[in-house]
Amino acid sequence: AQRVTQPEKLLSVFKGAPVELKCNYSYSGSPELFWYVQYSRQRLQLLLRHISRESIKGFTADLNKGETSFHLKKPFAQEEDSAMYYCALTLGYNKLIFGAGTRLAVHP
Amino acid sequence: DVKVTQSSRYLVKRTGEKVFLECVQDMDHENMFWYRQDPGLGLRLIYFSYDVKMKEKGDIPEGYSVSREKKERFSLILESASTNQTSMYLCASSFGGDRGANEQYFGPGTRLTVT
């Protein structure tokens, strides 16, 4: 069965520390994966997708098919990175399966 | 700039009432989606539509129905609201096509409380 697992509900770090938000997936086909972010009082929005292989706001994510993972990383966290982060896996018709989400709290 | 709007930010309804949640997008997107967002559960797909008058069940369709009479509008209907339907409801839209996934654009959400 298709599934997205984000094992951490909350990740708490200090400003300037490295961040890694974990995401593991279960999918028999060729996966397309995304990270969506929701800042406080804002709507959910796309952060990045694996096929574009780009860095957005200093975040990167590499698809590791061997480990079925798509972890989100940033070398130096900023306070404005505090938000709810969701990993998502695409199915047909552009449908997405979302993980339960990880709240990132960056402290000064 | 893509705009997805939802008819209400906050809604309080009584058990057994019929509830309509409206969503409108202005980008001529083929696909529209309704999710509910609950802490610890993430976003779960209720229904989606890939064309006018077309709909498919998502993961948790029980107790809900949808209507898409026009391309830009997608309505979620709770036929008889129950307390376990208290949640945040998110609408989203995206371009269609079957060549990989397109970005989904989300509305601001409707927080529904059923008492």
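The following refers to the structure shown. (Residues numbered from 1 in each chain as written. Chains lettered and ligands numbered in written order. Predicted model: local features only at pLDDT ≥ 70, side-chain atom pairs only at ≥ 80, totals over all residues. Heavy atoms only, no water.)

Brief notes about the overall build of chain A
And step 1. Within chain A, the secondary structure is distributed over zero helices and eleven strands.
And step 2. For chain A, the succession of helices and strands along the chain, N to C, is β-β-β-β-β-β-β-β-β-β-β.
And step 3. For 108 residues, the compact-globule estimate of 2.2 N^0.38 gives 13 Å, and the C-alpha radius of gyration of chain A, at 13 Å, lies within 12% of that figure.
And step 4. Considered along the principal axes of its C-alpha atoms, chain A spans approximately 40 × 30 × 25 Å.
And step 5. For chain A, restricting intrachain contacts to residue pairs at least 6 apart in sequence, the fraction spanning at least 24 positions comes to 57%. (Helix = DSSP H or I, 4+ residues; strand = E, 2+ residues; numbered from the N terminus. Rg over C-alpha atoms; globule rule 2.2 N^0.38 Å. Contact = heavy atoms within 4.5 Å.)

Re the nonpolar core
And step 1. Counting residues in hydrophobic clusters, the biggest one holds 26 residues, and the most contacted among them are Trp35, Leu47, Leu48, Phe70, Leu72 and Tyr85 of chain A.
And step 2. Residue assignment for this core shows that the elements contributing at least two residues are strand 2 (10-14), strand 3 (19-21), strand 5 (33-38), strand 6 (45-49), strand 9 (83-90) and strand 11 (102-107) of chain A.
And step 3. Counting residues per element, this core draws most heavily on strand 9 of chain A, at four residues.
And step 4. With residues near it in sequence (within four places) discarded, Phe70 of chain A still touches Cys23, Leu33, Phe34, Trp35, Leu48, Arg49, His50, Ala61, Asp62, Leu63 and Cys87 of chain A.
And step 5. Counting residues in hydrophobic clusters, the runner-up holds 20 residues, among them Val19, Tyr47, Ile60 and Tyr89 of chain B. (Core = buried A, V, L, I, M, F, W, Y, C linked by side-chain atoms within 4.5 Å. Buried < 20%, exposed > 50% of the residue type's maximum accessible area, 1.4 Å probe, protein only.)

Some remarks on the interface of chain B and chain A
And step 1. Each side of the interface is counted separately: chain B has 27 residues, and chain A has 17 residues.
And step 2. Each partner contributes to the roughly 1900 Å² buried at the junction of chain B and chain A, and carbon and sulfur atoms together form 51% of this total.
And step 3. Seen at the junction of chain B and chain A, the total is one salt bridge.
And step 4. Where Arg49 of chain A meets Glu103 of chain B, a salt bridge forms, and the shortest distance between an N and an O atom there is 3.8 Å.
And step 5. Linking chain B with chain A are five residue pairs in polar contact (both at pLDDT 80 or more), by the criterion used here.
And step 6. Every element with two or more residues in the side of chain B that touches chain A is listed here: strand 4 (31-38), strand 5 (42-51) and strand 9 (87-94) of chain B. (Buried area = accessible area lost by both parts, 1.4 Å probe. Salt bridge = Lys/Arg side-chain N within 4 Å of Asp/Glu carboxyl O. Polar contact = N/O pair within 3.5 Å; in protein donor to acceptor, adjacent residues only side chain to side chain.)

With respect to the state of the cysteines
All names here are of chain B.
And step 1. Scanning the model with the defined rule gives two disulfides over all chains in all.
And step 2. There is a disulfide in this structure between Cys23 and Cys91, and the S-S distance comes to 1.9 Å. Disulfide Cys23-Cys91: torsion about the S-S bond near -80°, hence left-handed. Of this pair, Cys23 sits in strand 3 (residues 19-25) while Cys91 sits in strand 9, and the two are 68 residues apart along the sequence.
And step 3. With a relative accessible area of 0%, Cys91 lands in the buried category. (Disulfide = S-S within 2.5 Å.)

Examining unusual backbone geometry
And step 1. Of note in this structure, Lys57 of chain A is not a glycine but carries a positive phi near 55°.
And step 2. Counting through the fold element by element, Lys57 of chain A comes out in the loop between strand 6 and strand 7 (60-61).

Observations regarding the environment of Ser28 of chain A
Residues and elements named next belong to chain A.
And step 1. Structurally, Ser28 is set in the loop between strand 4 (24-26) and strand 5.
And step 2. Given the relative accessible area of 82%, Ser28 is considered exposed.
And step 3. Considered as a pair, Ser28 and Gln2 are 26 residues apart in the sequence and their alpha carbons are 7.7 Å apart.

Concerning the pattern of salt bridges
And step 1. A full pass over the atoms with the stated rule returns eleven salt bridges over all chains.
And step 2. Between Glu20 of chain A and Lys73 of chain A there is a salt bridge, with the nearest N and O atoms lying 3.7 Å from each other. You can see Glu20 of chain A sitting in strand 3 and its partner Lys73 of chain A sitting in strand 8 (residues 72-74), a full 53 residues away along the chain.
And step 3. Take Glu20 of chain A: its relative accessible area is 29%, and that puts it in the partly exposed class.
And step 4. Measuring nitrogen to oxygen at the nearest pair gives 2.9 Å for the salt bridge that ties Asp38 of chain B to Arg36 of chain B.

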